[in-house]
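Take a look at the letters that make up each chain.
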Amino acid sequence: MHLLELVVIVVAAVVAVSGAVVGAVVARRHRTLELEAPPEAPSAPTPPPVPEPPQAPPVPEPPSALPVPEAPPIPEAPPRPEVPPAPPAPLEAPPVPAQEALVGEAAVLERPRFRDRLGRARGLLAGYVGSVLSRDTIDEETWDELEEALIRADVGVATTTRLLEGLRAQVRQEGIRRPDALVEALKAGLKKALAQGDRSLHLEPGGPNVWLFVGVNGVGKTTTVGKVGMREARAGRHVVMAAGDTFRAAAVEQLGLWAARVEADLVRGAEGGDPGSVVFDAVVRAASRQADLVLADTAGRLHTKTNLMEELRKVRRIAERPPGQLSEVLLVIDATTGQNGLIQARQFTDAVGCTGVVLTKLDGTAKGGIALAIQVELGLPIKLVGLGEGAEDLVDFDPDEFVDAIFT
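Residues numbered from 1 in each chain as written. Predicted model: local features only at pLDDT ≥ 70, side-chain atom pairs only at ≥ 80, totals over all residues. Heavy atoms only, no water.

Caption draft 1: A look at the side chain of Asp297. Relative to the helices and strands, Asp297 resides in strand β4 (residues 293-298). No salt bridge is formed by the buried Asp297, whose closest oppositely charged neighbour, Lys221, lies at an N-O distance of 5.2 Å. Here Thr222 takes part through its side chain, which lies 2.7 Å from a polar atom of the side chain of Asp297. Dropping the residues within four chain positions of it, Asp297 is found in contact with Phe213, Lys221, Thr222, Val225, Ala242, Gly244, Asp245 and Leu255. (Helix = DSSP H or I, 4+ residues; strand = E, 2+ residues; numbered from the N terminus. Buried < 20%, exposed > 50% of the residue type's maximum accessible area, 1.4 Å probe, protein only. Lys, Arg positive; Asp, Glu negative; His and termini not counted. Salt bridge = Lys/Arg side-chain N within 4 Å of Asp/Glu carboxyl O. Polar contact = N/O pair within 3.5 Å; in protein donor to acceptor, adjacent residues only side chain to side chain. Contact = heavy atoms within 4.5 Å.)

This is how it looks when you write it as structure tokens:
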């Protein structure tokens, strides 16, 4: 009995010790697993808070303004005298370009200088004249250069030959040896040739004078009539304009503007009507109003058309009837046409007996020698020349100024 109890106690003790050992091993294993377990993934860091923008410091209040002393009182102005109301402004006349003076003004713009407007013609002759002046003596090459210069300036072969033959005779007679003296002799000869004839515009006493303007299409007849009308109105003359170009409505309208500008009377007819009747009506009106001058425009005529030139002769005969008197037949020629202008001058002179030439657009061409050809070949004086588009640019022809302008 005692032995059995002892065995049981030993067995129980062994079991207890074994359990304790097993528990300790298990606990130690569990702790080892906890220590060796992989660490957990760290969570994303929280972004730092955005700092608030600093507040602007408070603006200090400006110091109080210094007291401003009061200005002394301004004395009252004496009462102004009452001004009577201005009379109503008169109706405005048609506008006049700035470069033109109005009719009746005391001051008129200065006449343009030939030298300022003939640069193209001077440029053409400058090379030849410079070459001649650079020589030591006068030889055949000198004469050749002068001949080429004059022909290129549209003096024409016949006129050039005539001028140089006279100059050669002068050189022999006067013993001219220096090229500069030769050029001066040439200039003097040109001035003398251009000075031939009567360059004045005639106004006869008695009934109204009639100036008839003729020429081909596009040479500027209507504009020339307007500019001449302004010149004569400024001179104190009562002008009547006759719109004889009844085949071109624009010409009638254009002449109407000029008439209004210079305060001239305008006589017009039906479109396509008889130009002779328009001229006659203008003469009758001029006589009834005691006008001094009738400026008659005509339709552009081709100098090669016989029937048109015959009609122009009819217009001339009507202009000669009383109460008027025809004192000028002015042929208008475009200077840029060159030698063709000489042909026109010859044909119109034969048809209606031209008394002078108005050479337009002289500033726009190097062919100014046509003036010399017309004067020498036909004995027809150049009376007026156009040096620009303004009314002041239609001037009396001055031979001396013209020659000097194209040479120097």
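This is not the end of the story, as more comes after the structure.
Caption draft 2: Focus on the side chain of Asp334. Turning to its location among the elements, Asp334 is positioned in strand β5 (residues 325-334). If near-sequence neighbours (up to four positions away) are discounted, Asp334 is found in contact with Gly218, Val219, Thr360 and Lys361.

Caption draft 3: The arrangement of the packing of aromatic side chains in detail. All chains considered together, the criterion is met by two aromatic pairs. Ring plane angle 55° and centroid distance 5.4 Å describe the contact between Phe397 and Phe402, whose orientation is recorded as tilted. An aromatic cluster of three or more residues is present, and its members are Phe114, Phe397 and Phe402. Over the ring of Trp258 we find Arg261, and its NZ or CZ is 4.6 Å from the ring centre. (Phe/Tyr/Trp six-rings, centres within 6.5 Å; stacked < 30°, edge-to-face > 60°. Lys NZ or Arg CZ within 6 Å of the ring centre and 35° of its normal.)

Caption draft 4: Seen up close, the sheet that holds strand β1 (residues 209-214). Taken together, eight strands build an open sheet; the order of strands is β3-β2-β4-β1-β5-β6-β7-β8 and the sheet is mixed. Since the sheet does not close on itself, it has two edges, and those belong to β3 (265-267) and β8 (394-396), each with one partner. On average, adjacent strands in this sheet sit at an angle of 25° to one another, irrespective of strand direction. One ladder, built from three bridges, connects strand β2 (residues 239-244) with β3; its direction is parallel. For Val240, the partnering residue across the bridge sits in β3 and is Asp265. (Pairing = 2+ DSSP bridges. Axes fitted to C-alpha atoms, helices over the stretch in contact; angles between N-to-C directions.)

Caption draft 5: A look at the pairing of strand β7 (residues 382-386). The buried count for β7 comes to five of five residues, which makes it a mostly enclosed element. Pairing of strand β6 (residues 356-360) with β7, which is carried by three bridges, proceeds in the parallel orientation. Bridge assignment links Val358 to a residue of β7, and that residue is Leu384. For the crossover that starts at β6, traverses helix α12 (residues 370-378) and ends in the parallel β7, the hand is right-handed. In this sheet, β8 lies alongside β7 in antiparallel orientation, the contact comprising three bridges. Pairing of Val385 across the sheet is with Val395, part of β8. (Right-handed = clockwise from strand over helix to strand, strands pointing away.)

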